[in-house]
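Descriptive structure summary
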Amino acid sequence: MDSLETLNALVDADRWIERVRGQKSQLPELKELGVLESEMKSVASQLSELNEAMLPIKAELSGATSLVIQMTERRQELEHRLAAPSATPKELVAVQTELDHVNTQLNYAQSSEVEYFLELEPMELELESVSERAKEMVARRNELRESVAELSATLDEELNALVQGRVPLIENVPTPLRDLYERARSNVGGGVGAARVVSGRCEGCHIELSPLDVDRLKKTTESNLMPCPECGRLLLP
Ligand SMILES: [Zn+2]
């Protein structure tokens, strides 16, 4: 095996590793999870806004309800007193006056109660439907998290095997070329440290080489590979 062949075998292995890493970071499930999680945030704030808006109306409703109970009890008391045989005419007039007043208040409290109730009803329906949606979202999120964990574990296993398989390949590459390649590789942040040139473009960064560089490339030998002037990957002749 000449040194260029050994390098090519290493580059192929690194391409595979890159591909699997790319798969892992671009899982459709991961993307869906990201979208879902941001939707969940907006649903959560929708829920808290609704609850907050309902709070004062609920307080008014419960105030109106207690007033209705209170006034109903008072009315019963007054009606008993009106019916009592011992009452004097003066007392009867006073009781009747209070009863009229209580009836007015009771009517008012009852109609307020209905108003608050009607105001709350559509909000409660909305709350119910948003909560239902939130529940579905939580279930889907759990499913997605599980799938992402499973797929990532499988891809990690695959990656481990590929990284281990790379060890003998790198040992096959002669030292000066290996160092050159590893340096180019670390300059591009890991991944693949060499690239082919296809239609005058570096396959690593897709930059078109100048005619001068194309000429230089033609003259390179395996012991003297040139780097891409843009990304620094070794250009494979
Ligand atoms: Zn390049």
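Quick caveat: nothing in here was measured; it's all calculated off a predicted structure.

1. Side note on the overall build of the chain
Helix and strand counts for the chain come out as five helices and three strands. Moving toward the C terminus, one meets the helices and strands of the chain in the order α-α-α-α-β-β-α-β. By the compact-globule yardstick of 18 Å for 237 residues, the chain is too spread out, its C-alpha radius of gyration being 40 Å. Each principal axis of the C-alpha atoms in the chain carries an extent, and together these give about 125 × 35 × 25 Å. A buried classification covers 28% of the 237 residues belonging to the chain. Summarising the internal contacts of the chain: among those between residues at least 6 apart in sequence, 72% fall at separations of at least 24. Accessible surface computed for the chain: about 15100 Å², of which carbon and sulfur atoms make up 54%.

2. Quick word on helix α3 (residues 89–172)
Helix length check: α3 (84 residues) gives 120 Å between terminal C-alpha atoms against 124 Å at 1.5 Å per residue, within 8%. Of all the bends in α3, the largest measures some 25 degrees and sits at E121, one to four residues before the proline P122.

3. What about the domain arrangement of the chain?
Domain annotation for the chain reports domain 1 (12–172) and domain 2 (178–236). In this structure, domain 1 and domain 2 have C-alpha centres spaced 58 Å apart. Each partner contributes residues to the interface: domain 1 has six residues there, and domain 2 has eight residues. Each partner contributes to the roughly 660 Å² buried at the junction of domain 1 and domain 2, and carbon and sulfur atoms together form 44% of this total. Broken down residue by residue, the surface that domain 1 buries against domain 2 is led by D14, R15 and I170, which jointly contribute 65%. In this assembly, domain 1 and domain 2 are joined by two salt bridges. The partner of R166 in a salt bridge is E182, with the nearest N and O atoms 3.1 Å apart. One can count five residue pairs in polar contact (both at pLDDT 80 or more) joining domain 1 with domain 2. Broken down by secondary-structure element, the contributors of at least two residues to the side of domain 1 that touches domain 2 are α1 (3–25) and α3. Here the residues of the side of domain 1 that touches domain 2 sort into one nonpolar, no polar and five charged.

4. Comments concerning the environment of P176
With respect to the helices, strands and loops of the structure, P176 is situated in helix α4 (residues 175–187). For the pair formed by P176 and T104, sequence separation is 72 residues and the distance between their alpha carbons is 101 Å.

5. Some thoughts on the coordination of the zinc ion
Ligation of the zinc ion by protein atoms is provided by C202 (SG), C205 (SG), C228 (SG) and C231 (SG), these donors lying 2.3 Å from the ion. Bound by four donor atoms, the zinc ion shows angles of 106 to 113 degrees at the metal and therefore tetrahedral coordination geometry. Along the chain, the residues that donate to the zinc ion are spaced as C-x2-C-x22-C-x2-C. One end of the pair, C202, is in strand β2 (residues 201–202); the other, C228, is in the loop between α5 (211–219) and β3 (234–236), with 26 residues separating them in the sequence. C228 matches C202 in its accessibility class, with the two residues each being buried.

6. Points about the side chain of R166
Residue position: R166 is located in helix α3. At 2.5 Å, the side chain of R166 forms a polar contact with the side chain of D14. Not counting residues up to four positions away in its chain, the partners in contact with R166 are L10, D14, I17, Y181, E182 and R185.

7. Observations regarding the pairing of strand β1 (residues 194–198)
Looking at chain direction, β1 and β3 are connected through three bridges and run parallel. Bridge pairing links A194 to L234 in β3. Of the pairings in the sheet, the one linking β1 to β2 comprises two bridges and is antiparallel in character. By the bridge assignment, V198 is partnered in β2 with R201. The hairpin turn running from β1 into β2, its antiparallel successor, is two residues long, and S199 in that turn takes a positive phi close to 50 degrees.

What counts and how
Residues numbered from 1 in each chain as written. Predicted model: local features only at pLDDT ≥ 70, side-chain atom pairs only at ≥ 80, totals over all residues. Heavy atoms only, no water. Helix = DSSP H or I, 4+ residues; strand = E, 2+ residues; numbered from the N terminus. Rg over C-alpha atoms; globule rule 2.2 N^0.38 Å. Buried < 20%, exposed > 50% of the residue type's maximum accessible area, 1.4 Å probe, protein only. Contact = heavy atoms within 4.5 Å. Areas by Shrake-Rupley, 256 points an atom, 1.4 Å probe, with all protein chains shown as cover. Expected span 1.5 Å × (residues − 1). Bend = angle between axes of the 7 residues up to and from the residue. Domains from an automatic or database assignment. Buried area = accessible area lost by both parts, 1.4 Å probe. Salt bridge = Lys/Arg side-chain N within 4 Å of Asp/Glu carboxyl O. Polar contact = N/O pair within 3.5 Å; in protein donor to acceptor, adjacent residues only side chain to side chain. Nonpolar A, V, L, I, M, F, W, Y, C, P; charged D, E, K, R; others polar. Donors = N, O, S within 2.8 Å, 3.2 Å for Na, K, Ca; no water. Tetrahedral: all angles 85-135°; square planar, octahedral: opposite > 155°, others 65-115°. Pairing = 2+ DSSP bridges.

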